[in-house]
Every structure is written in structure tokens, then in C-alpha cells.
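A closer look at the structure
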Amino acid sequence: MAEDSFLTDDLLRQLINVGEVDILVGLPTHNNAKTIGSIVQTIQSGILRWFPRERAVIINADGGSRDGTPELVTGASIDDVRRGSNPYALRTLHSISTKYANSPAAPVAFRTILAAAELLQAKACVVMSPESSSVEDEWISKLLRPVRNDGFDLVAPTYRRHKFEGLLITNLLYPVTRALYGVRLREPYAQEFGFSGRLGGEFLTQNVWDDGSPGDGIELRFTLAAITTQHRMCQCFLGQKDHVEQRGADLVPALRQTVGPLFSALEPDFPFWSAVSGSQPLPTLGPEHEVLLDLVRVNRKRLREMFATGVAELAAVFQSILSPDTLAELQRIALLEENDFEYPAELWVKTVYEFAASYHKSVISRDHIIQALAPLFRGRALAFITEHRNGSAEDVENSIEALCLEFERLKPYLLEIWKSRE
Amino acid sequence: MPLNQDVLWYKDAIIYQVHVRTFYDSNGDGIGDFQGLEQKLGYLQELGINAIWLMPFFPSPLRDDGYDIADYNAVHASYGTLEDFRNLLNSAHSRGIRVIIEMVLNHTSDQHPWFQESRSSRDNPRRDWYVWSDTDNRYKGTRIIFLDTEKSNWAWDPISKAYYWHRFFSHQPDLNYDNPAVREQMWNVMRFWLEMGVDAFRLDAVPYLVEREGTSCENLLETHAILKELRRKLDEQFPGRMLLAEANQWPADLRPYFGEGDEFHMAFHFPLMPRMFMGLKLEDRKPITEILQQTPEIPSTCQWSLFLRNHDELTLEMVTDIERDYMYDAYAEDKTMRLNLGIRRRLAPLLDNDRRRIELMNGMLMSLPGTPIIYYGDEIGMGDNINLGDRNGVRTPMQWSGGWNGGFSTAEPDRLYAPLIQNPVYGYPAVNVLSQLGSGHSLLHWMQSMIAVRRSTAVFGRGSIEFLHPANHRILAYVRRLGNESVLVVNNLSGAAQAVELDLRRYKGNIPIEMSGRNIFPRVGDLPYLLTLGPYQFFWFRLRRI
């Protein structure tokens, strides 16, 4: 590897062979052999079906897989050597892989993809999740066409979700992003998204890579950067998103990947979001959301116990983070019975804002702050599930909208405590 | 310069395609003629070609540029006399240039006396010389070739009150090759010209000679049997003469036209040509290598005939629908440039008059396996006139100078058979032989030098080809080999500079010598051989083990 470059010479050699492209598909992987074969085939089909004339490349940034993942990706190349198994294609399709480390590290993978896009002068790019089992070739078109044809710089997805799926997004990430940044972006932390080479190139030069701050959740920082630099954004409905293995079963890592980067971004972005009031809708292709109402079993008792235990055991930590009123209210609801349990929107908003301000102030270790949010989020999730056990799709959506408005209404409160704590 | 007596002369040939009418007018009547062409043989000899292919020059109503023949044993009066043709033939031979003429076997003009007799009554002795029917329902599985003008392969003849079969224009009735008298008569026609001394025939539209119900009426075994019989007679009576097939077919369907070396000597490789243009526009070798890899082996005495442009439209029959749409968008955005399933444009306008791309395409034409054909005027980068109907826009007078009528004719401009190209970019004041002869860096001089390099070795005409597959898909690289001689060809299909690593381990120890400048390059070693190429640049390296 050349000095002062995170790109390997091998990758550079492969990129020379690829040359300038119109479309780049980025695929971060780490031991995804179970799913990656079908995903790559779907990507290949999408390129051939929707962009048969464009110069395209699939770039796999692999974190040291030992299960043959890279080989499955490179097998999607279409060239004039392996003629027999190739599907019909007007032109060559390169599918290349580079190993960046011996462990998965999302920022390195994403940076590698952005660097490849920059070097190849890619005009439209898309990052695809290596885990989605429901990916369709049309997703490639939906995420790239707004960039390619309509001049958008970021295309975020929306999905058909179960009403209790993605509660971290619907109860925290979406409303906070919306209230603070003024953009009604349903999936601020997306694993599939399209973007322009222009946006990718600008983000690549930002000082977010070497300061260690982004950690996981670099995609969220990317989205927020698109907002603050006022690039053109839109949303696109992709349909149902399934995972082979449900991620996020462990809440704390999920919070570290999402809320951590969000809170981190609030500091450099303060001049931007502090000047924003209200929120604006984004152009959306297809429905903004679709809600599934199937019956699911949720262990509400355990959620309530984890919430109550957390409030009790972390009282000292919360005293550093939360205002006395908020803490007192939390301690009150921690005593409520399961069927009577509620976590009012205003209380939840104040909780989140006080956590954000404390994170900013670093009242204690920032990672401890993120960890401490876990039991409280469980409480909010319990309240949401309890409230909408029999709720319709409309009820759920109205509730999310009301929560968003509450975050917007109380934004001055965040500004107040943000400054006061400074 | 005597003619090369090798019976495989066509493998080493560089053919120049020209229509007598278009080349040079010696008598000032506005139409090119045999004497005019004879006067310009020195130019062609200097260019370096060693065969000319003359488009039809027979008596004809000229409703299809002479492919509608009304008399096979004479020449059109506009072009001169049979004696003039003999003189042209002899002069060409004396300069080492062979002469290939057209022979339209499949059909005649409806003005041909044979057809006039055939239609005159149902019991005329020549009635069965053409394909007649009381209905237009026969041979339903047969495609229509000239989609823009014809609705059916049958045409109603009001005189004999029956339908006659025609695969091309309705004024070109197909001959009935099931009739032995027709087969005999057409051989007599060929013999007439062979005895005069012509070296080869380009046999037009050969897949369509025979019709059979329930088939596509193309490439039938019966057709091949007829062609084999013609070849047998040719070899017996006129050894060393050559047959070139015009069969616009896929390679696998073309292969039978070579037989076991007992049918055609040569055949046009129609599918390759559009893919060369496609590869250039895509900046991707894939279309080119794929079609060549699909091209079957042919008998050792046979040869492919390669071309970039000719008198017809750039045919897109042998491409997929997706490829055709791409080609239209890439090369004929203006729909008036499209004709039938093709693009009626010349080489230089197709390539935006980009000298680098013109050179690259000619470089590939002359280095891929086969015998190259250069269409008249393309050696100086002539343009076209899409405002002229049909394919006439690519059949305008040769531009010899910037003077009166471009040096083509002394006639009043209004009398010319077709107007000269006059636009500022391609018009005769800007693009002509005289000015290019005076410029050492002109396209004409470049073509002369490339032809000389091509003719300096038999490897291009007779050698095998081995494709290299560098990871850089913009680079088309191959090695041509013949005996101990090896030539490495590297083409950059891209408009940007490229780096490429070639796996030349098989040639380890060889010294590449660039064939135009004769400069030596670093010796081939164990490591991948690194080359950098400028936009659309190409190299021919002789690989020498010294």
C-alpha cells in the first residue's frame, strides 16, 4: 500500500482497469456469503435491466470475510472471458472487491466506496446492504434514476414496515432529524441509498474520517451532511425490507450506530440546525410509508422491567444527564403497571433533548450517555406498543406525526439547555 | 507489375470498392466511366490496394443503382463500351490490380427481356424462369428485407395476372433456380466475364436463390447445392478465380457458404462491422471480441472479408434489438439518417470527422483476420449527403480536387449524375485527393503508409488470432501469428489515455518493434507488460526474438 493512502495498490490497479463510469454500486460486506450471492445477482440484473447502456461497476469493500463473500461478488463481472455463464449485456460490467481490514468497519468501507466513486468519476452511486433478503432489481433503478435523470444528490429509501418495526427510527431518529434539521426524512439512517458523485466527492473531503468521531453510523453523517450543505434530496419507496437475520436485537450497539453519530453531528452542525424552524417535506417517489399490521408477540412485561430497573439502577447517571423534573417524571412512570404504562410524547422529547445536550457537554463519558438511553428507549417503545396494540395504520402514523410536531415544538427547549449548559 | 499468381491471392488483397459512375468522368457527360477509372488506376496503385471491386455496370433502368440488371452480357452505355471495360481490365492487371465485378444472381430487373417474356403469357417458354403464383400466400415465413418500401415479397403483375416473387424491390423479380435452364444461363453469364479476364465475382444476395414452403427461404440446402455447382465449374474451367459471397447472416449461418472449401472463397463478415462501431462508441471491446469468438473456423483456403462502410446503409440486421436501438441513438440521432434496418452514412461523418477514430477503425480493419475492403473516398474522409434519397447520399462523386466539380467531371454541374458534397466540412474544396497528396500528414498519406505496413507481412491476411484479455476492457489486444512471425496489436477504444497490463508471458524474451516507426520497445519479461496508449491510439508490434 502506498504511503498516506488508505487505498491499496491492488484496488488502484483494478480501478485503472474499470475507468470512468456512469454508475457505481457500493457493497460493504463482512461474512455475508449467505445473502450476498443473490443480492449481487439482483444488482447485476438491475444494472442490465435499467441501465444497459451506462458504464457501471460494482465495488465491494470487504472487511476481511472468511466465507468467500468477495469471490461471490467478483463472480458478477460480465466480460469477454467468461462467456458461457454471462447474461446478455451490451458492455463490460466490472465487479471488483477490495479487502480493507481484518475486521468490519463501516466508515472504512464507505470511505473506500466514496474514494472509488471519486477516482472513477461516477455520476450516480448507490450503496446496497449486504443483508437484505428482499432486495429487488428495481431498487437499483429507484435509487439511481433520481440522481441520474433528475439531478438529486441524495435518494433516501422508505419501506413498508410493520407498525412496531424500526421504533428507534420512528420514535427518535426521524423526529429528531426532522425537528432539528428541518427535513422530513423518514429513513435518516439508511443502508440502501443513492447519491450523486458530486455529493460523495464533497463528503470525502470533509474532516470526518480521521478524527475518530463518526465510528459506526457514517451513513447518517453522510445524510446530515447532505442536508446541511443543502444538496437536493428526495425519498423513494422501495417496498418491504427483510433481513435474513434481524439486526439490532442488542439495543446498545444500535444506539451507538445511530444516536451516537446523530448527537455527534449536532455539535458541528449547530449553526445550521439552530437556525432552522419547522420542517419541510421531501419530494417522494411512491408512498412515504406503508404499515403492516400483522399480529406480533412482544414481551411487554420484560420491556417494562428493563425500563423500571434501568431507571432505578442508573438514577445516579440520570442525575447528571436529566433535569430533576424529567427524572422525577421518569421515576413516576416506572412505577406504573404494565397495562397502564405510558411514556408521554412531551416527556420523551425532553428526555431525548436532555440526553443530546448532555452528550454535547460530555457531562459523563459519551458512550455511557448513549448506553444510559437504552432503558429509557425501551420504556418509550413499550408505551408506543401498548398504545397501538390495536391501532390502525392511520393511528400509528398520526401518533408518529404528533411526536414529530412535539419535537419541533420543544426545539427551543433544546436550544435553551444546549446554551445554558455551555 | 505482374499479378500475384498465388491462387490464394485474395488472402493478401486489399480491396477498393468503387462504382464506375462515381469515380471519374473522362468524357464530360457528368457520369463516371471505364476510361475515367482506367485513368485513375495510378492513384489506386499508389494508395497500395491490389484489387478493385466494381459495383454493377450492366445495362439497367438504375432503379436500384444497377442491382436491377437488364442485360448481363453488356455494359451500361453511360460507362462506355465492352472494349473500354476490357481496356480497364488489362490496365488494372498490368498494375498488379485484380478486378472483382458484381454478379446479381438472385434477381433481374423487371425490364430484363427474360422477365418481359416470362410475364407475357403463362405458356411462354421463359415463364418458369421466375417464381409465379396465383396467390400471395406462399412462403409466408419469409421476412421482408426492404421494410421501408415493400409490404410483401409478392407483387401483382397485371399483364399475366399473377403474383411474382421478389425478395428486394418489386421491380426486381427473383429468378427461379429450380429451373435448370436458369442455372445454366447464369453460369453462361459468369463464363462470359471470366473469359474476358475478370478475377472474381461478388455474388449478390446469395442466401435467397431457392424458395421452399415452410422455411425462411434463406440459406437453404438447395441454394448451397447450386452455389457449389457454380464453384465446381469455376475451379474446373477458371482456376485461381474467386467467389465472394454477399450474405448478410450470423456467423454460424454464414459458415455453410464456405462449405468444405468448395463453395465460396470469401464472405463478408456482416455482424462484425456494426460491432466495431458499437465497441468504439461504448469504449468497450466486448461487442467485437464476442462476435469474433462466435465466428466459426473456416477452411484454410477461405477468408473473411471485412469492411467499415460500403455503398449500402450500415446494416443493423445482424444485431439485437437493444444493440440496434443503441446504434441508432449513437450514430443516427437524426432519423433521416436511418434506412431500412441501418444507417446511411459514410465513415468520416459517422465518426464525427475525428481523425483519431478514423485511423483506429482503419487500423482494426486492417489487422483483424480477413481481407479489408476500403470504400471509395473513405481514404480521404469524404462526407455524405443525407438529403439525397435512398443510399445515394454515400454514392456522390469522388472528390479529386478543389476545382471545377471537384475534379470529377468537366460537365456543367447540373449534368452530374449526383451533386458533389458541398458543405464546409466535407465539401470538395476541403476534402479532396489533390490537397491531401500535398500534405504529408493527410489521411490519404496515412492510409497509404498503413496499407504498406499491412502488406509488408502476410500475417494479417493469413495468420491466426489469439485474443489477450487485459482487465482494462477499453483495450482490444490480440496477437496475429503465422509460422514464426507474431504481431501484437493493441487498440485503445477509448477517447481517454489508458494504461494496460498485457499477459505476454508466452512471448517472454521477444522484443516488440513498432511497425510504423520501427522503434523497439522494452523486451517482454515475466511481469505483465505495461503499455500506455493515448486516446484512440493503437500499436502494431512485430514480436522479434533476437
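The rules we used
As a convention, each chain's residues are numbered from 1 in the sequence order in which they are written. Whichever chain is written first is A, and whichever ligand is written first is 1; the rest continue in order. Totals for whole chains, interfaces and linings use every residue, but because this is a predicted model, local features are given only for residues with pLDDT of at least 70 and side-chain atom pairs only at 80 or more, for both listing and counting. Helical segments are the DSSP runs of H or I of at least four residues, strand segments are the runs of E of at least two, and each set is numbered from the N terminus. Atoms counted for the radius of gyration: C-alpha only. Globule rule: 2.2 Å times residue count to the power 0.38. For the exposure call, what matters is how many other C-beta atoms sit within 10 Å of a residue's own: 20 or more marks it buried, 12 or fewer exposed, and in between partly exposed, using C-beta atoms placed from the backbone. For every residue pair, C-beta atoms are placed from the backbone, and the pair is scored as a contact if these atoms sit within 7 Å. Charged residues are taken to be Asp, Glu, Lys and Arg, nonpolar residues to be Ala, Val, Leu, Ile, Met, Phe, Trp, Tyr, Cys and Pro, and polar residues to be all remaining types, Gly included. The split into domains, and so the bounds of each, comes from an automatic or database assignment of domains. To define a nonpolar core, we join buried Ala, Val, Leu, Ile, Met, Phe, Trp, Tyr and Cys residues through C-beta atoms within 7 Å and take the resulting set. DSSP calls a pair of strands paired once it identifies at least 2 bridges connecting them. Simply put, an axis is a line fit to the C-alpha atoms, just over the touching stretch for a helix, and the angle between two N-to-C directions goes from 0 to 180 degrees. One less than the residue count of a helix, multiplied by 1.5 Å, gives the span that helix is expected to have. Each residue carries a pLDDT value, the predictor's own confidence for that position, ranging from 0 to 100.

This part is about the overall build of chain A. When its secondary structure is counted, chain A shows 17 helices and 11 strands. Rg of the C-alpha trace for chain A: 22 Å, near the compact-globule value of 22 Å for 422 residues, within the 12% margin. Taking the principal axes of the C-alpha coordinates as reference, chain A spans close to 70 × 45 × 40 Å. Counting across all 422 residues of chain A, residues that qualify as buried make up 48%. A sequence separation of at least 24 residues applies to 85% of the contacts in chain A between residues at least 6 apart.

This part takes up the interface of chain B and chain A. In this complex, chain B contributes 17 residues to the contact, which on the side of chain A involves 12 residues. Broken down by class, the residue content of the side of chain B that touches chain A amounts to 5 nonpolar, 6 polar and 6 charged.

Attention now moves to the domain arrangement of chain A. Residue and element names in this part refer to chain A. Partitioning chain A into domains gives domain 1 (9–292) and domain 2 (300–421). Here the C-alpha centre of domain 2 lies 30 Å away from the C-alpha centre of domain 1. Facing the 26 residues of domain 1 at the interface are 25 residues of domain 2. For the side of domain 1 that touches domain 2, the leading source of residues is helix H6 (residues 167–181), giving 10 residues.

The next subject is the nonpolar core. Ranked by size, the top nonpolar core spans 165 residues in total, and within it Ile52(B), Leu54(B), Ile100(B), Leu244(B) and Ala245(B) carry the most contacts. A per-element tally of this core places helix H9 (residues 272–282) of chain B first, with 7 residues. Setting aside residues up to four positions removed in sequence, Ile100(B) forms contacts with Ile15(B), Ala51(B), Ile52(B), Trp53(B), Leu54(B), Asp199(B), Ala200(B), Phe201(B), Arg202(B) and Leu244(B). By size, the runner-up hydrophobic cluster in this structure holds 120 residues, among which are Leu15(A), Ala115(A), Leu238(A) and Leu262(A).

As a further point, take the sheet that holds strand S14 (residues 371–375) of chain B. Residue and element names in this part refer to chain B. One closed barrel holds the 8 strands; their spatial order is S1-S2-S3-S7-S8-S9-S10-S14, and the pairing between them is parallel. Direction aside, neighbouring strands of the sheet carry axes that sit 25° apart on average. With 3 bridges joining them, strand S9 (residues 266–268) and strand S10 (residues 303–307) adopt parallel strand pairing. Looking across to S10, one finds that Ala-267 is bridged to Trp-304.

Residues and elements named next belong to chain B. Position of Asp-84 relative to the elements: it lies in helix H4 (residues 82–94). Considered as a pair, Asp-84 and Leu-434 are 350 residues apart in the sequence and their alpha carbons are 26 Å apart. Excluding residues that lie within four positions of it along the chain, Asp-84 makes contacts with Asp-33, Phe-34 and Gln-35.

All names here are of chain A. Taking 1.5 Å per residue as the helical rise, helix H4 (residues 106–119) with its 14 residues ought to reach 20 Å, and the 20 Å between its terminal C-alpha atoms agrees with that figure. The buried fraction of H4 amounts to 10 of the 14 residues, a majority that puts the element mostly inside the structure. Along H4, the positions that sit buried rather than exposed are Pro-107, Ala-109, Phe-110, Arg-111, Thr-112, Ile-113, Leu-114, Ala-115, Ala-116 and Ala-117. Two residues or fewer past H4, Gln-121 is found with a positive phi of approximately 55°.

Glancing now at the domain arrangement of chain B. Along its sequence, chain B is carved into domain 1 (9–106 + 180–455), domain 2 (113–165) and domain 3 (463–544). Taking only C-alpha atoms, the centre of domain 2 of chain B and the centre of domain 3 of chain B are 55 Å apart.

Residues and elements named next belong to chain A. Over its 14 residues, helix H5 (residues 137–150) runs 20 Å from end to end, which matches the ideal 20 Å to within 8%, given 1.5 Å per residue. For H5, every residue scored as buried is listed here: Trp-139, Ile-140, Lys-142, Leu-143, Leu-144, Pro-146 and Val-147. Once H5 finishes, Gly-151 follows within two positions and takes phi at roughly 75°, a positive value.

With that settled, consider the confidence of the model for chain B. Caution is warranted with low-pLDDT regions, since their predicted coordinates should not be read in detail. For chain B, per-residue confidence averages 95 on the pLDDT scale, and residues scoring 70 or more make up 100% of the total. Reported for the predicted complex are a pTM of 0.87 and an ipTM of 0.79.

What follows deals with the sheet that holds strand S17 (residues 485–492) of chain B. Residue and element names in this part refer to chain B. If you trace the 5 strands from one edge of the open sheet to the other, you get S15-S16-S17-S21-S19, paired in antiparallel fashion. The strands lining the two open edges of the sheet, one partner per strand, are strand S15 (464–468) and strand S19 (511–514). Geometrically, the sheet is characterised by an average inter-axis angle of 30° between neighbouring strands, direction not taken into account. As judged from the 8 bridges shared by strand S16 (residues 475–482) and S17, these two strands associate in the antiparallel manner. Pairing of Leu-476 across the sheet is with Asn-491, part of S17.

Another aspect to go through is the environment of Leu543(B). Residues and elements named next belong to chain B. Relative to the elements of secondary structure, Leu-543 occurs in strand S21 (residues 538–544). Separated by 192 residues in the primary sequence, Leu-543 and Leu-351 have C-alpha atoms spaced 31 Å apart. Those residues in contact with Leu-543 that lie beyond four places of it in its chain are Ser-486, Val-487, Leu-488, Tyr-507, Asn-510 and Pro-512.

The next subject is the environment of Pro59(B). Residue and element names in this part refer to chain B. Inspection of the secondary structure assignment puts Pro-59 in the loop between strand S2 (51–54) and H4. On the neighbour-count criterion, Pro-59 (21 C-beta atoms within 10 Å) is buried. Measuring from C-alpha to C-alpha, the distance between Pro-59 and His-76 comes to 4.1 Å, with 17 residues separating the pair along the chain. Sequence-distant contacts of Pro-59, defined by excluding residues within four places in its chain, comprise Ala-70, Asp-71, Ala-74 and His-76.

All names here are of chain A. Pairing of strand S5 (residues 154–162) with strand S8 (residues 233–240) involves 7 bridges; the strand directions are parallel. Of the residues in S8, the one forming a bridge with Arg-160 is Gln-240. Where S8 lies against strand S10 (residues 284–285), 2 bridges are found, and the strand directions are parallel. When the bridges of S10 are listed, Gln-235 appears paired with Thr-284.

Negative phi characterises most residues that are not glycine, and trans characterises most peptide bonds. Residues and elements named next belong to chain B. In this model, Leu-62 sits at a positive phi of 60°, which is unusual for a non-glycine residue. Residue position: Leu-62 is located in the loop between S2 and H4. Under the C-beta neighbour-count criterion, Leu-62 is labelled partly exposed, with 16 such atoms within 10 Å. Of note in this structure, Lys-161 is not a glycine but carries a positive phi near 50°. In this structure, Lys-161 sits in the loop between strand S5 (154–157) and strand S6 (162–165). With 10 C-beta atoms packed within 10 Å, Lys-161 lands in the exposed category.

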